[in-house]
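# Close look at the chain arrangement
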Amino acid sequence: MSAKYIPVEKGVKNSPSYAIYYKNEAGQAISPFHDIPLYANEAKTVYNMVVEIPRWTNAKMEISTKVPLNPIKQDIKKGKLRFVANCFPHHGYIWNYGAFPQTWENPDHIEPSTCAKGDNDPIDVLEIGYRVAERGEIVQVKILGTLALIDEGETDWKILAIDVKDPLADQVNDIADIEKHFPGLLRATVEWFKIYKIPDGKPENQFAFNGEAKNAAFATNVVAETHKFWQGLVKKELDAGSLSCVNTSVSDSPFNISQEDGDKILAQPLDAAEPENIGHSVDKWHFIHLK
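Overview of the structure. Note that the coordinates shown come from a computational prediction; the quantities given were computed from them, not determined experimentally.

As a further point, take the environment of Ile 195. Within the secondary structure, Ile 195 sits in helix H2 (residues 185-195). Sequence separation of Ile 195 and Ala 85 is 110 residues, and the distance between their C-alpha atoms is 9.7 Å. Non-local contacts of Ile 195, meaning those with residues more than four positions away in its chain, are made with Cys 87, His 90, Ile 288 and Leu 290.

Right under this line is the structure:
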């Protein structure tokens, strides 16, 4: 766990009150969306990744873009906590899943390569290394490539990356290296995203580029573009809509607040909540027939 960024768990697990906020190494409140830098080194070749969902888990956790200081919370669907189904043979998420801070997929921008607008969220990251990360952990990764999911008409980039401390990190630098060292993972990844919403009654998801993964150079450019969109967002040059851009470290942002005010947000008590009875429903296998 990075000592620079300290997750702070609040509320009751398996309830709507559960949230992970963040402090920096000085103990000051920060936003994982806006205050953790995208780049983890001066050369801009290593990136900070916020782990929302550890591999093999099902709880749909995500950065709450509309809540001040943007804690990680569990998605709510039809009044219930959302869990992703186990679509045989995949159990939960098959990578460490999360997002890059200081990125934003602009919903007012039509991406020329996909002909679809952004999905209004930080860009998603799939970390493929051997270690199962912890929820809320900040991991330093390098980019290997990207897939372009078209989710309900929106471009939803999935950046493929690997922890720089992984034993294979030096040997894995681009898309072709994934197939060489992790044979079958790209195919499984495309299949996972195609079918994971089918148990909820939704149609099979589609990809741009016929599901072909683009290389590291392409993916790096995509991330750089979403970083520029985030800069426009946090400086109020672009319309934030209902997103919370409250931050404690972006000095030229009109949304910047004092550390004292940030600490007050962090100290606010959460609504009392009882944990949901999850039972064994999250363990159910779903067998999907693709047409």
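Next comes the rest of the write-up.
Within the secondary structure, Arg 55 is located in the loop between strand E4 (47-53) and strand E5 (61-63). At 4.8 Å, Glu 127 is the nearest oppositely charged side chain to Arg 55, a buried residue that forms no salt bridge. A polar atom in the side chain of Arg 55 sits 3.5 Å from the backbone oxygen of Ile 94. If we ignore the near neighbours within four places in the chain, the residues touching Arg 55 are Tyr 93, Ile 94, Trp 95, Asn 96, Glu 127, Ile 128, Gly 129, Tyr 130, Arg 131 and Val 132.

Time to look at the nonpolar core. Ranked by size, the top nonpolar core spans 49 residues in total, and within it Trp 95, Ile 128, Leu 160, Ile 178, Trp 192, Phe 193 and Leu 233 carry the most contacts. Looking at this core, the element that brings in the most residues is H2, giving six residues. In this structure Leu 233 touches Phe 33, Trp 104, Leu 238, Asp 239, Ala 240, Leu 243, Cys 245 and Phe 255, once residues within four positions along its chain are discounted. Judged by nonpolar contacts, the second largest core, of 20 residues, contains Ala 133, Val 139, Val 141 and Ala 219.

Turning to the pairing of strand E2 (residues 19-24), a few remarks are in order. The element E2 is largely enclosed, with a buried count of five among its six residues. Relative to E2, strand E1 (residues 5-10) is paired through six bridges, and the arrangement is antiparallel. Its bridge partner being in E2, Tyr 5 is matched across the sheet by Asn 24. As paired strands, E2 and strand E6 (residues 72-74) are joined by two bridges and run antiparallel to one another.

Scanning all chains against the criterion turns up 12 salt bridges. Measuring nitrogen to oxygen at the nearest pair gives 2.7 Å for the salt bridge that ties Asp 124 to Lys 158. Of this pair, Asp 124 sits in strand E13 (residues 124-127) while Lys 158 sits in strand E15 (residues 154-163), and the two are 34 residues apart along the sequence. The same class applies to Asp 124 and to Lys 158, which are both buried. In this structure, Arg 131 engages Glu 137 in a salt bridge whose closest nitrogen and oxygen atoms are separated by 2.8 Å. Residues joined in a network through salt bridges with shared partners are Asp 151, Glu 152, Lys 197 and Lys 202.

If you trace the backbone, Asn 86 turns up in strand E9 (residues 86-87). A residue is classified by how much of its surface remains accessible, and Asn 86, at 0% relative accessible area, is buried. Of note is the side chain of Asn 86, whose polar atom sits 2.8 Å from the backbone nitrogen of Gly 92. If near-sequence neighbours (up to four positions away) are discounted, Asn 86 is found in contact with Asn 58, His 91, Gly 92, Val 282, Asp 283, Lys 284, Trp 285 and His 286.

Rules of the game
- Residues numbered from 1 in each chain as written.
- Predicted model: local features only at pLDDT ≥ 70, side-chain atom pairs only at ≥ 80, totals over all residues.
- Heavy atoms only, no water.
- Helix = DSSP H or I, 4+ residues; strand = E, 2+ residues; numbered from the N terminus.
- Contact = heavy atoms within 4.5 Å.
- Buried < 20%, exposed > 50% of the residue type's maximum accessible area, 1.4 Å probe, protein only.
- Lys, Arg positive; Asp, Glu negative; His and termini not counted.
- Salt bridge = Lys/Arg side-chain N within 4 Å of Asp/Glu carboxyl O.
- Polar contact = N/O pair within 3.5 Å; in protein donor to acceptor, adjacent residues only side chain to side chain.
- Core = buried A, V, L, I, M, F, W, Y, C linked by side-chain atoms within 4.5 Å.
- Pairing = 2+ DSSP bridges.

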